[in-house]
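# Analysis of the macromolecular model
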Amino acid sequence: MQPDEISEKREINRESSVHLIVFKLGSEEYGIRIEQVKEVTLTPEIARMPKTPPFIKGIANIRGDIIAVMDLEERFKIAPIAPEVENSGKRNTYTLVLEAKDYTIGLMVREVPQSLTLPISRIEKTPSFIQDLNINDNYIEGIGKLGSRLIIVLDFHKILSFEEVEQLKA
Amino acid sequence: MKSREQEYKEIFIAEALEYFDALNRHLSNLEKTPEDDQILAEIFRLLHNLKANAKAIGYLQISDLSHKLETAFELVRKHELAFRNEVATVLFDGVDLLGELISNVDDPDFKISDENLIRNLEAIVSPGLGTSVPEVTKVAKFNDRNISLSDLVYIQIKKLDHLLNLVGELIIDRDRIISLSKDLNSDELKVVSSHLYRITEEIQFSVMDARLVNVGSLFNKFPRIVRDIAQAEQKEIQLEIIGQDIQIDRNILQIITDSLLHLVRNAISHGIEKGAERLKKNKSLQGTLTLSAQSDRDNVLIRLADDGKGIDLPAVKKAIVARKFLPKDAVEDLRETEVLSYLFEPGFSMAKEITEFSGRGVGLDVVKNAIDSIGGRIQVQSAKDKGTTFTLHLPTSIAVKGALLFEVEGGYYAILLMHTDSVVSLDKDELHEVGDVLVANVKEESIPIIYLRDFLNNNTDKMPPGSKYRLNGSVQNIIIVTYNNRRLGLIVDKLYRQQDIVIKALNKPVDNIDIYGGVTLLGTGKVCLVLDVPAITRYFAIKK
């Protein structure tokens, strides 16, 4: 996906619908608003960074910027589906570069992320049972439906709460 | 490289020519609105500065002429002289002459073409003339109006910072290209990359050179400051300044400014005794404070020495116990340098005991943090009744730092050379488990040793106990690091080379993990974490 292609689509779809980048974690589909995604790239080599929580995979050099890369399956404690047995032992993963208010972070996903446009009306605000469960400060913004597909829309800004960013201190 | 004197001269000329241009501009405006006080004030200011600068560097003709013009404009300002007709002509001619003098400052044979001009100037300011126009002699026009542009440009430090950052990026890419050219084994690429190497190196040095300023630009502010503090404290103090010509990066000088001020204030307020007390100790009535700078390979040493009463070691020891840094019996065994190192501990500075007895230690942790932030070091020595010396080891430039590269568990790490003392290889048998700490005897000193692999993998707040069982192989590569008068050995898996690195800051959210000082990219494109020695030694000191 080219960055300029993204921005083009962003222009067209701003009004009535939400443009999402959709990826899989475990067996479910998740989406992040395209405005929060700076780029999607093949995961570069990641250098482990000791003394960080396990969901921080390490840091990587993306076009000269060195950013932390996070594994959301680990972050949400989602069991990865059993890896399909493939010919090549090592599979490529992709990294979504996300821009939050004051930092940039990489999100590692296993399959090629797709881009998808959903009318706002197709996104159900976070159902109350999820709010009641009080999972991780409502990082789920809503649930989108497209045919039989169900897409969990994440509010990326809430994935790492302020406390957690602070907690990263050794 | 030009001599300092030559450089000062060039700066003076460039500035003076700028003043000259400004004067001409203002004069032309004044001719249109002769009563404008603002323009007059500006002209006055320019002439005054020019006079002072010229006098300082020894161009007396220029300072004399500026003085005469200043006097004339003083009269204009007081409405004792009207800026019109002949007076205006004389003043225009005077400013022209000023320009002539400035442009020909290097020419020893230069003569003022028409002495009448000076006489005219004197005539219009001579008293007793009232408003009547004095006799003015016609002057030969000497100026054939060539326009020349200044040889100097002023540049914002921000722009130089940006340039330096770009150079940093360039160096990283250059190293990458060089390593690629080796991998690809292409002769052509090798030739190009070695040329690229030379050029980037030259760019780097040029940019660094452009950022250098004299230490004197900071030091020369101290005579006045010392005088004021000394007077407030009712002490007599002589300040000696040595090595103003040493050059250092402007931003480094900026960062240490407050620290140095702090140290100077401490030395005067708490270090140097009052006159009467000094006489009792057979010291001279006047205390001496020495501020010196010296080059030491790639570093600059800045030293502040006083001949005061020195730091009260027993009081510091008491405070170490009182602040619960160490138990009482442990403190007694500390070496003097170790005792003094506690002065820089955060929180220690608040110790009442210290401020009461000797007044030292106020905010020294702040000073140390400032120096750490630029990768420098601070040391203190003190002798009772002889005085105290603070030594700042500072890098000349912020951009590129020497570092030692090594590997731990397949990851690349670097430590700044500034903090490394030596590298040793020791056999497992030379390491001893003392309590839960590994200790080795290096150069007659028992040094605690950390197995970095354990340290990095340990996610608790506690220091992992040192155990020989987990070490791999029999020979251990150990980097001895030194910080705040403490030594510590780090066992690494594989040692690489020394290399100049460009440190990038880590970005949020992983920017506040204290053991990392930043990150750098190696020529291979791999990411290399820079370990922060101050943080690691602190870990060890507190958590052992």
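Note that the structure is a prediction, hence the values are computed from the model and not measured. (Residues numbered from 1 in each chain as written. Chains lettered and ligands numbered in written order. Predicted model: local features only at pLDDT ≥ 70, side-chain atom pairs only at ≥ 80, totals over all residues. Heavy atoms only, no water.)

## Thoughts on the sheet that holds strand 8 (residues 104–109) of chain A
All names here are of chain A. Spatially, 3-7-8-6-5-4 is the arrangement adopted by the six strands of the open sheet, whose pairing is mixed. Each having just a single partner strand, strand 3 (37–42) and strand 4 (46–47) make up the two edges of the open sheet. With six bridges connecting them, strand 7 (residues 94–99) and strand 8 associate as antiparallel partners. Within the sheet, the bridge partner assigned to Tyr 94 lies in strand 8 and is Val 109. (Pairing = 2+ DSSP bridges. Helix = DSSP H or I, 4+ residues; strand = E, 2+ residues; numbered from the N terminus.)

## What to know about unusual backbone geometry
Residues and elements named next belong to chain B. The phi dihedral of Gln 234 is positive, around 55°, even though this residue is not glycine. Looking at the element boundaries, Gln 234 is found in the loop between helix 9 (222–233) and strand 2 (237–242). Residue classification places Gln 234 among the exposed positions, given a relative accessible area of 62%. Phi at Asp 385 takes a positive value of approximately 65°, unusual for a residue other than glycine. (Buried < 20%, exposed > 50% of the residue type's maximum accessible area, 1.4 Å probe, protein only.)

## A closer look at the environment of Arg 278 of chain B
Residues and elements named next belong to chain B. You can see Arg 278 is positioned in helix 11 (residues 275–280). Residues Arg 278 and Gly 308, 30 residues apart in the sequence, show an inter-C-alpha distance of 8.4 Å. If near-sequence neighbours (up to four positions away) are discounted, Arg 278 is found in contact with Ile 272, Glu 273, Lys 283, Ser 284, Leu 285, Gln 286, Gly 287, Asp 307 and Gly 308. (Contact = heavy atoms within 4.5 Å.)

## A short note on the packing of aromatic side chains
Centre distance and the angle of the planes are the two values used to describe a pair of aromatic rings. Tallied over the full model, the rule gives four aromatic pairs over all chains. Ring plane angle 25° and centroid distance 6.1 Å describe the contact between Phe 406 of chain B and Tyr 413 of chain B, whose orientation is recorded as stacked. Owing to a relative accessible area of 0%, Phe 406 of chain B belongs among the buried residues under this scheme. On the basis of relative accessible area, Tyr 413 of chain B is assigned to the buried category, the value being 2%. Taking the ring centre of Phe 455 of chain B as reference, the NZ or CZ of Lys 51 of chain A above it sits at 4.5 Å. (Phe/Tyr/Trp six-rings, centres within 6.5 Å; stacked < 30°, edge-to-face > 60°. Lys NZ or Arg CZ within 6 Å of the ring centre and 35° of its normal.)

## Here's the deal with the sheet that holds strand 2 (residues 28–33) of chain A
In a beta sheet, neighbouring strands are held together by backbone hydrogen bonds and run either parallel or antiparallel to one another. Residue and element names in this part refer to chain A. With mixed pairing, six strands are arranged side by side in an open sheet as 9-1-2-12-11-10. At either margin of the open sheet sits one strand with a lone partner, and together these are strand 9 (114–119) and strand 10 (123–125). If you compare each strand with its neighbour and ignore which way they point, the axes differ by 35° on average. Sheet topology note: the strand 11 (residues 140–146)/strand 12 (residues 149–154) ladder contains six bridges and is antiparallel. Considered in strand 12, the bridge of Gly 142 is made with Val 153. (Axes fitted to C-alpha atoms, helices over the stretch in contact; angles between N-to-C directions.)

## A word on the nonpolar core
In terms of nonpolar packing, the biggest core is built from 71 residues, with Ile 59 and Leu 154 of chain A touching the most fellow members. When residues are assigned to domains, this core turns out to be shared by domain 2 (157–211) and domain 4 (400–543) of chain B, each giving three or more. With near-sequence residues (within four places) excluded, Leu 154 of chain A lies in contact with Phe 23, Tyr 30, Gly 31, Ile 32, Gln 36, Leu 72, Phe 76, Tyr 139, Ile 140, Glu 141 and Ile 159 of chain A. Ranked by size, the runner-up nonpolar core spans 48 residues in total, among them Leu 239, Ile 256, Ile 302 and Leu 392 of chain B. (Core = buried A, V, L, I, M, F, W, Y, C linked by side-chain atoms within 4.5 Å. Domains from an automatic or database assignment.)

## Here we look at the interface of chain A and chain B
How large an interface is tends to be reported as the accessible area lost when its parts come together. At the interface, 24 residues of chain A touch 25 residues of chain B. Our count for the chain A to chain B interface comes out at two salt bridges. Counting the contacts that link chain A with chain B gives five residue pairs in polar contact (both at pLDDT 80 or more). Per element, the largest residue contribution to the side of chain A that touches chain B is four residues, and it comes from strand 5 (residues 56–62) of chain A. When its residues are assigned to classes, the side of chain A that touches chain B shows 14 nonpolar, four polar and six charged. (Salt bridge = Lys/Arg side-chain N within 4 Å of Asp/Glu carboxyl O. Polar contact = N/O pair within 3.5 Å; in protein donor to acceptor, adjacent residues only side chain to side chain. Nonpolar A, V, L, I, M, F, W, Y, C, P; charged D, E, K, R; others polar.)

## Some remarks on the pattern of salt bridges
For the structure shown, the criterion picks out 27 salt bridges over all chains. Its salt-bridge partner being Lys 526 of chain B, residue Glu 45 of chain A comes within 3.2 Å of it at the nearest N-O pair. On the criterion of chain membership, the pair formed by Glu 45 of chain A in the loop between strand 3 and strand 4 and Lys 526 of chain B in the loop between strand 17 (516–521) and strand 18 (527–531) is interchain, its members lying in two chains. Given the relative accessible area of 56%, Glu 45 of chain A is considered exposed. Of the charged contacts, one joins Arg 278 of chain B and Glu 273 of chain B as a salt bridge, the two residues approaching to 3.1 Å between their closest N and O atoms. The same class applies to Arg 278 of chain B as to Glu 273 of chain B, namely buried. Salt bridges sharing partners connect three or more residues here, namely Glu 273, Glu 277, Arg 278, Lys 281, Lys 283, Asp 307 and Asp 385 of chain B.

## A closer look at the confidence of the model for chain A
Confidence in the prediction of chain A, expressed as mean pLDDT, is 75, and 69% of residues score 70 or more. For chain A, the element scoring lowest by mean pLDDT is helix 1 (residues 3–13) of chain A, at 49; strand 4 of chain A scores highest, at 90. (pLDDT = per-residue confidence, 0-100.)

## Regarding the packing of helix 4 (residues 85–103) of chain B against helix 5 (residues 116–125) of chain B
Residue and element names in this part refer to chain B. Look at helix 4 against helix 5: their axes get within 10 Å of each other, and the N-to-C directions meet at 135°. Between helix 4 and helix 5, the angle is such that the two are oblique. The chirality of how helix 4 crosses helix 5 is left-handed. Of helix 5, the residues touching helix 4 (which contributes Val 87, Val 90, Leu 91, Asp 93, Gly 94 and Leu 97) are Leu 117, Ile 118, Asn 120, Leu 121 and Ile 124. Per-class residue counts for the contact of helix 4 with helix 5 are eight nonpolar, two polar and one charged. (Parallel < 35°, antiparallel > 145°, perpendicular 65-115°, else oblique. Left-handed = near helix turned anticlockwise from the far one by under 90°.)

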